[in-house]
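Spelled out, the chains give:
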Amino acid sequence: MGWELFEQGGLMMYPLSLCSILTLAITLERAFSLRRHRIIRGEIVSVIENIKGPEDIGLAVSVCNQYEGPFAQVVRIGLESRYLPPEEIRESIVDQGRQEMGKLQKGIVVLETVASVSPLLGLLGTVLGMIKVFREISEVGVGQGNLLAGGIAEAILTTGAGLFIAIPSLVFFNYFSSKAESLVLEIEKYSNALLKKLRGFQDKGPEG
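Everything numeric here is computed off the predicted structure, so don't read it as measured data.

(A) View of the nonpolar core. The biggest cluster of nonpolar side chains holds 36 residues, and the ones touching the most others in it are I40, I44, F71, V75, L79 and L104. For this core, the secondary structure elements donating two or more residues are α4 (42-50), α5 (57-65), α6 (70-80), α7 (86-104), α8 (108-140) and α9 (145-204). Per-element tally for this core: the top contributor is α9, with eleven residues. Not counting chain neighbours up to four residues away, the residues in contact with L104 comprise R30, L34, I39, P70, A180, L183, V184 and I187. Residues M12, M13, L16 and L121 belong to the second largest nonpolar core, which totals eight residues.

See the structure below:
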């Protein structure tokens, strides 16, 4: 039954199938990668909270070196820039944060593209199906209903398939965009806490 519907949908069912595969693959990958505990590592949070003085920074750097990911990278850059003026430390953290934000949003833009393109592909399939219907009408007239069914089915199926793919794509795009933004804000919160501590160490004098 499924294959018959696919064949009835005509040529545009192939790019629509590709769109559905992309949506599924990116959704599964982002659902796995954007889990909070994979990004906001509890060990790094604990290290930031327990930095009491310059002598604790070496341990903090070694903990960050044990982990990959945006949070570890941003904190590591902040710690390694600790001898710079506060504004330069902030700038280093912000620059690194911008680079890491791209990793959090990786693939999400594809979901937005699929959500936009799928209905258009469905509409194109509808137009092609109706062209087929009118061509058959011109050749055999309106009395041969069974000959017209293929074109009508193609017109209806591609529109339905396009919407069926676009709606979840848009939902997942909004969900993962919101989740990535939430993680960025959390990373920013801990980065600001780290920056405040580093500024306090500088105010007390050189590291000794």
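(B) Seen up close, α4. Among the residues of α4, those classed as buried are I44, V45, V47 and I48. For α4, the angular spread of buried residues about the axis comes to 160°, placing them on one side.

(C) View of the packing of aromatic side chains. Throughout the structure, instances matching the rule amount to three aromatic pairs. Relative to Y190, the ring of F71 lies with its centre 5.7 Å away and its plane at 50°, an arrangement referred to as tilted. In this pair, F71 sits in helix α6 while Y190 sits in helix α9, placing the two residues 119 residues apart along the sequence. Given the relative accessible area of 0%, F71 is considered buried. In this structure Y190 comes out as buried when scored by relative accessible area, which is 13%. Aromatic pair F172 and F176: ring centres 6.1 Å apart, planes at 20°, arrangement stacked. Taken as a pair, F172 and F176 lie in helix α9 at a separation of four residues, close to a single helical turn. F172 sits in the partly exposed class, given a relative accessible area of 31%. One aromatic cluster is present, built from ring pairs that chain together F172, Y175 and F176.

(D) Main features of a nonpolar patch on the surface. Taken together, the side chains of L120, L123, L124, V127, L128 and I131 make up a nonpolar region of the molecular surface, amounting to roughly 520 Å² of accessible area. Turning to its location among the elements, I131 is positioned in helix α8. Given a relative accessible area of 44%, I131 falls into the partly exposed group.

The rules behind these values
Residues numbered from 1 in each chain as written. Predicted model: local features only at pLDDT ≥ 70, side-chain atom pairs only at ≥ 80, totals over all residues. Heavy atoms only, no water. Core = buried A, V, L, I, M, F, W, Y, C linked by side-chain atoms within 4.5 Å. Buried < 20%, exposed > 50% of the residue type's maximum accessible area, 1.4 Å probe, protein only. Helix = DSSP H or I, 4+ residues; strand = E, 2+ residues; numbered from the N terminus. Contact = heavy atoms within 4.5 Å. Arc of directions from axis to C-beta. Phe/Tyr/Trp six-rings, centres within 6.5 Å; stacked < 30°, edge-to-face > 60°. Patch = residues over 30% accessible without salt bridge, like charges linked within 9 Å, V, L, I, M, F, W, Y side chains within 5 Å. Areas by Shrake-Rupley, 256 points an atom, 1.4 Å probe, with all protein chains shown as cover. Salt bridge = Lys/Arg side-chain N within 4 Å of Asp/Glu carboxyl O.

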